[in-house]
Structure formats: structure tokens, C-alpha cells
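# Coordinate analysis (summary)
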Amino acid sequence: MYHLMKLMILKTQFSETNFPSVLFIYIVALACFVSGCAVPVSPSGGPRDTEGPKIIRTIPENEAVLVDTRKIQIYFDEYTDRNSVRQNIRLEPSLDLPFRVEFTKKRVDILFEEDLPSNTTLAILLGSNIADVRRNRMNAPYKLAFSTGAELAKGVASVSVRNVDGELPEPGTTIYLFRLDDQKKDPLDGSERTNPQTADTENEAMYVAEPDTSGRAWFSYLSDGEYTAIWFDDLDRDRIWDSEREPAQPLDQPRFTLLDGDTLDLGRLYLKPAEPPAPILAGIGVPFRDRLRLRFNTPVIASENAYGRITSSANNDTDNSLLAWPVPSTEGQNMEPNVIRLQSERPLLEDSLYTIELFGFSDPLGREPQTYEEPFLGNNTIMEEPIQYLALDPSIGLRPNTSARFVYSGFLDESNALDSLKIIINNALDSGTLKKQIVRNQIIVDPPEGGWATGDRVRFLVWNPFMQEHQSVEPEFWYPNRLGEIDLILTDSTRSTWNAQLLREPLSTTQNAIQNMHLSVQIDTLVTGQALFSNLIPGEVQLRLYQDRNANGVWDAGSVSPYERPEPYIVRRRIPVTEGFTTEVRIEVQ
């Protein structure tokens, strides 16, 4: 730009007649130069920016008093995504104070359209979902508090928030704080309250809080009074709990009172995932004459003995019923959690209509899919792609008396498949002493009498028809001397009965998570308060404890209205299981 201006100066001859034109050119060039310098661009080169925006300054400063302005200024260290800023600014307490948001480079201005109330502590919450122009989010929410009077409200309440598996909650998770009426009447119709523990949750929440990087949500700068805090999924983003549409959970304390700037710890809130819809078979596809693709509305699990019974609607079909069994997906197919693939024992005819009944299928909560009555057409297309060898089951390894299961993507031809599997023990080919059998899409090898011997090296050569080659599989063997134990010692002053579950980490919502649950036992702290989990494969496990007070077999997170207290719940993550050792876990419940 500098060279362009210089060239224009050299080429232009000044005279009284052309001076206005020259001046105009100079002004345009200068404007282009200045505007070019003002355009924010990402620097080229260097490491990729993965950090979210940070607040470096505010006007007024945090905890300022005697604030008399309608304009709040927030300075960030980088340019922000403007939509994310607009959607994640909240004022508390929630007052009917309209404001607009404007942007000047890296500064955000919050402009109130009317005077702020006098002698009031206000706070502006900037949520953790505020992001920069590269979509990097803030590490934690930020709260700017100030008072229009001479003093700040000093009350503080906090709650530790975790998911039910012990992990930190998702960014943007919000806890809502309602102020209870001083009167014991319903705020809508003035009727007497029938449940003194029911909060004023029909109105807008006065305060909100998001968990920080440690998982603790803080309500600060609270005035004296009586409150209740709940979590709910605010679908309408209006701070009002819609009990018919929005799932909610209460805290262990239904209400609390703040006096003289108290600081209260409200305990821990475990967020239970919303119950998914009941499983429904939404559609059936028949890509090949003996393959079915079942599409559900939610993830579905096939039990070990799951199958489908297919019935032909043709009147002249004397043998109009056949069975189909689940087969796994291959790497080339989409790993869709809502899809189950079946292979039928006989081909389905192209011009025939069929119906199906399912047995042994359910969602992770044990609910079976609804009956599917829509007929579907068969298909004469032959699947030309060879079946694939997929994996050894169990993938974690074999215990001394565990059979090895080699899983394929389709049914196997017994005449060839058994002979294709070679077993090598201590560098010697097995001559047929081990029992082998085919069950649909699996080759099962039973252990020798007495179990797999300690010290033996066992290797399987598994034929993969798709690759046209043998694959070497050498499983890990877990002998008793290689297993570990966990000794749980539970001290409970209430002398209650606890349910204990042990799950292998990392957890998954798939069938593997259910198969990896080692034990589920009851511990009566009035009697012993101790449980020993034995014969555990080394690794990391998760321990979950809960009191099943309503005896329904699951942990209940409580109810907001009518209020039902959450059942006591404890989770301990990443407990090590060490080969040949006992890990002692002590938990004390007050």
C-alpha cells in the first residue's frame, strides 16, 4: 500500500485544476490502507490455536461498588464468536432489565436500556460455551459482580456436579437457583402449599451456575433468604422449568437458608442420563437374499441367544417359517449403534412378503422393542463379498476354562471352516485333541481337559476368507496367579444396606460394558460392611455404590415435584486391579 501511494505521488502533477481529484485519490487510498490494517486475520504458521478466549479486563472491575452506569465492558484477549457471546450472557438475579450486546474489536459491550436498580448486587455470568473465531471454548464460566449500592451481598452456595459415571459434566451444564416465597402460598394461584418442600420453580430462576473445571458450581453474591437449587434441561432457555417437557433432578437438600453472608456446601449432584425412548423397530432392509438390516430408534443389544423368527405370507409356502441370527458388522460397514444385522438360515424370495418376530433383543435398560407388524419384501441378490474374520471373543483374554470363540461376519460352511483353523501348542500342531465346533458365525474351541495349562504357548491360525490368508491369534491367558482382588471396606454411620457394582474401565454404552460387569452384590454395614471381589483381570475398574431405598433394583436420582430425595450414591473411578495382589478400598459414609 505504501508503494502504491508513493507511485501516485510521483505520477501526479499538482495544479489548481486537478488538486480536488488528487486529494480524493489520496483519501481513498488512505482509507483502504487503514481498513486493511483493521481486518482481523489469523496469523499464519506456528502451532494450532486450541485455547479458548480469556477475559483480561472489565469495566467496572469485579466486586466494584457504587456503580452508576448502563454500560458494562468486557475485554477479551482475542476475537470472539459473536453468536456464542450473545447466547451465553446471563444477568442475575434475573430481573426484567433489557440489554443489548455490541462488539468493538476484542471488546464486548453490554448496554442496559434503563437505569439499574439502586442498592442491588448484580452479576453478569459469561458461560463456558463462549468461543473464539476458531470455536475454542472458554475453560470455565466467568462471573462479573458489582453493586449499585455501597455493599455487595456476600452469601455463597456451591454444589459438586458429576455425571453418574463420575466424569465431569458437559460444558454448558447449568444448575438453577430459585428463591422461595416468604409466604407459604403458591405464587400462581395463591393457594396454600400442600408440600412445604416444594420450591417456587414455576417462576424464573433468579440465579444460574455452571460447573467450573473441577466440577463445582458456585452461586455467589447471594442476599439473605431461603432458596432451592435444581438441575433441569432448559430447552426453552427461559430459566423456567417446564415439568412436562424438561427433565430435572433435585439436590440432596430440598431447600436451604442463607444468613449473614453464609457459605454453604450443598453436597454432590450426580446427573443421571435421560431415559431414552422405548426401542422401536423403525424399518427393515434386505440388502441380500439371506441378510436383514434392522434399524431401531435407539441402541439395541442382542443377547447371546437372540434370534428372529421370519414368517412368509405366501399361502402355498408349506414351510413358511425360518430363523435368523445376529451377525456383527464389518469394518467396511457403518458401525451404527441403532442397527442390528441378521442372517437367515435360508434365502428370502424376491417376490414374497415376510414378517418378523424378535426374541432376546433389548435396549441397555432391558426394554424389549415393540412388535413390528409391517411386512417386507425378500431379495434375490447374492452377497458376493466373502465373509470376514473379525475378532476373538472374549477380546480381553482367556481364563483357564474359557472357550475361544472366533467371530466371523457371516455363517460358516462347516465342511471347510473347521479344517481351516490350525492350533499350535508349544510350536507343535494340534492333531485334533481339542474339540472344535461351528455355531452359525463362530468357531468355538473348548479348552483341554483340566483347562489351558500354565506356561503353554497357544497360537491359533485363523483363516480369513476375505483376505485369503491365515491370521495369527495368540490370546492372553489369565491364570489364577495372574488375577487380582479388590477388598471393599465400607463404614456407614447409618448402618444401611448398599448395592455395589464393579465395572471395567473404560466404560461404554455398548454390550461390552454389560459383559464386563464383574459383580453386583449387597453389603449390609450393620453386619460386616465388607465385600471381596476376586478373580479380577488386571486393569482399571469403577465401583458404584447406592442404597436402593424403594427396592426397584436401580439407583433413582429423585424427583423435583413432588420432592423425592435422591438415593445415596457413591462412585469411585480408576481403581487399579494388580496382578497377584489385593487392592484395599476404604469408603466412609457420614
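Residues numbered from 1 in each chain as written. Predicted model: local features only at pLDDT ≥ 70, side-chain atom pairs only at ≥ 80, totals over all residues. Heavy atoms only, no water.

## Topic: the overall build of the protein
The condition is simple: Where helices and strands are cited, they refer to DSSP runs of H or I of at least four residues and of E of at least two residues respectively, numbered from the N terminus. Only protein chains enter the area calculation, which uses a 1.4 Å probe; residues under 20% of their type maximum are buried, those over 50% are exposed, and those in between are partly exposed. Contacts are residue-level and defined by heavy atoms, with any inter-residue pair within 4.5 Å sufficient.
Helix and strand content of the protein: five helices and 37 strands. For the protein, with 590 residues in total, the buried portion stands at 42%. Taking the intrachain contacts of the protein between residues at least 6 apart in sequence as the baseline, contacts between residues at least 24 apart amount to 67%.

## Some details on the packing of aromatic side chains
The line we're drawing: To pair, rings of Phe, Tyr and Trp, with the six-membered ring standing in for Trp, must have centres within 6.5 Å; the planes then decide the type, stacked if under 30 degrees apart, edge-to-face if over 60, and tilted in the middle. In this scheme, Lys NZ or Arg CZ marks a charge over a ring once it lies within 6 Å of the ring centre and within 35 degrees of the ring normal.
The tally for this structure, following the rule as stated, stands at 15 aromatic pairs. Taking 6.3 Å as the distance between ring centres and 85° as the angle between the ring planes, the aromatic pair formed by Trp452 and Phe460 counts as edge-to-face. For the pair formed by Trp452 and Phe460, the shared burial category is buried. Both rings, one in Phe477 and one in Tyr479, keep their centres 6.1 Å apart while their planes meet at 20°; by these two values the pair is stacked. A single burial state applies to Phe477 and to Tyr479, both of which are buried. One aromatic cluster in this structure is built from Tyr389, Phe406, Tyr408, Trp452, Phe460, Phe477 and Tyr479. Sitting over the ring of Tyr75, Arg57 keeps its end group 4.9 Å from the ring centre. Sitting above the plane of the Trp218 ring, Arg216 keeps its charged end 6.0 Å from the centroid.

## Some words on the sheet that holds strand β29 (residues 458–464)
Basically, it comes down to this: Two strands qualify as a pair provided that DSSP identifies no fewer than 2 bridges between them.
Taken in spatial order, the four strands line up as β26-β25-β29-β30 in an open sheet, and their pairing is antiparallel. Looking at strand neighbours, the two that pair on one side only are β26 (428–429) and β30 (469–473), the edges of this open sheet. Sheet topology places β29 next to β30; five bridges connect them, and they run antiparallel. Bridging from a neighbouring strand, Phe460 pairs with Val473 of β30.

## Details of the confidence of the model for the protein
Definition in use: Along the chain, pLDDT gives the predictor's confidence residue by residue, from 0 to 100.
The predicted model of the protein has a mean per-residue pLDDT of 84, with 84% of residues at 70 or higher. Taking the mean pLDDT of every element in the protein, the minimum, 35, falls on helix α5 (residues 511–515) and the maximum, 97, on strand β2 (residues 71–76).

## Describing unusual backbone geometry
Cis geometry is found at the peptide bond from Ile59 to Pro60, where omega equals 5°. Take Pro60: it is sitting in the loop between β1 (55–59) and β2. Here Ser561 and Pro562 are connected by a cis peptide whose omega angle stands at -5°. With respect to the helices, strands and loops of the structure, Pro562 is situated in the loop between β35 (539–546) and β36 (569–577).

## Some details on the pattern of salt bridges
Quick note on the threshold: A carboxyl oxygen of Asp or Glu within 4 Å of a side-chain nitrogen of Lys or Arg is what we treat as a salt bridge.
Applying the stated criterion to the full structure yields 22 salt bridges. Of the charged contacts, one joins Glu584 and Arg586 as a salt bridge, the two residues approaching to 2.8 Å between their closest N and O atoms.

## A closer look at the sheet that holds strand β3 (residues 89–92)
What counts, and what does not: The angle between two axes is taken between their N-to-C directions and runs from 0 to 180 degrees, where each axis is a line fitted to C-alpha atoms and a helix contributes only its stretch in contact.
Strand order across the open sheet formed by three strands is β3-β6-β7, with antiparallel pairing between neighbours. Looking along the sheet, the strands with just one partner apiece sit at the ends: β3 and β7 (142–147). With direction set aside, neighbouring strand axes in the sheet form an average angle of 20°. Two strands pair when backbone bridges link them, and strand β6 (residues 121–126) and β7 are joined in this way by six bridges, in the antiparallel orientation. Each residue of the ladder has a partner; that of Leu122, found in β7, is Phe146.

## Details of the pairing of β6
In terms of burial, β6 is a largely internal element, six of the six residues being buried. Strand direction decides the pairing type here: β3 and β6, joined by four bridges, are antiparallel. Its bridge partner lying in β6, Glu92 is registered against Ala123.

## Thoughts on the pairing of strand β16 (residues 281–288)
With five bridges joining them, β16 and strand β17 (residues 291–296) adopt antiparallel strand pairing. Its bridge partner lying in β17, Phe288 is registered against Arg291. What sits between the antiparallel neighbours β16 and β17 is a turn of two residues.

## Side note on the side chain of Arg239
To keep it simple, the criterion reads: Positive charge is attributed to Lys and Arg, negative charge to Asp and Glu, and no charge count is given to His or to the chain ends.
Tracing the chain through its elements places Arg239 in the loop between β12 (225–232) and β13 (248–250). Here Arg239 is buried and forms no salt bridge, its nearest opposite-charge partner Glu204 lying at an N-O distance of 4.5 Å. For Arg239, the residues in contact, after removing those within four places along its chain, are Arg90, Leu91, Ser94, Tyr176, Phe178, Asn203, Glu204, Ala205, Met206, Val208, Phe232 and Asp234.

## Here we look at a negative patch on the surface
The line we're drawing: Every patch collects residues that have over 30% relative accessible area and no salt bridge, joining them within 9 Å if they carry like charges and within 5 Å if they are nonpolar side chains (Val, Leu, Ile, Met, Phe, Trp, Tyr). What sets the accessible areas is the Shrake-Rupley method with a 1.4 Å probe; for residues, cover comes only from the shown protein chains. By convention, charge coordinates are those of NZ in Lys, CZ in Arg, CG in Asp, or CD in Glu.
A cluster of like negative charges, contributed by Asp96, Glu113, Glu114 and Glu204, occupies part of the molecular surface. With respect to the secondary-structure elements, Glu204 resides in the loop between β9 (175–179) and β10 (207–209).

## Topic: the environment of Arg309
Residue placement: Arg309 occurs in strand β18 (residues 301–312). Spatially, the C-alpha atoms of Arg309 and Thr355 are 8.3 Å apart, while their sequence positions differ by 46 residues. Dropping the residues within four chain positions of it, Arg309 is found in contact with Ser321, Leu322, Leu323, Thr355, Ile356, Glu357 and Phe359.

## Let's talk about the environment of Gln530
So the rule is basically this: Any pair of nitrogen or oxygen atoms within 3.5 Å is treated as a polar contact; in protein, a donor-acceptor pairing is required on top of that, and neighbouring residues in sequence qualify only through side-chain atoms on both sides.
With respect to the element layout, Gln530 can be found in strand β34 (residues 530–536). Considered as a pair, Gln530 and Thr491 are 39 residues apart in the sequence and their alpha carbons are 8.6 Å apart. Residues contacting Gln530, with those up to four places away along its chain left out, are Asp487, Leu488, Ile489 and Ile523. Within the structure, the side chain of Gln530 is placed 2.9 Å from the side chain of Asp487, a separation counted as a polar contact.

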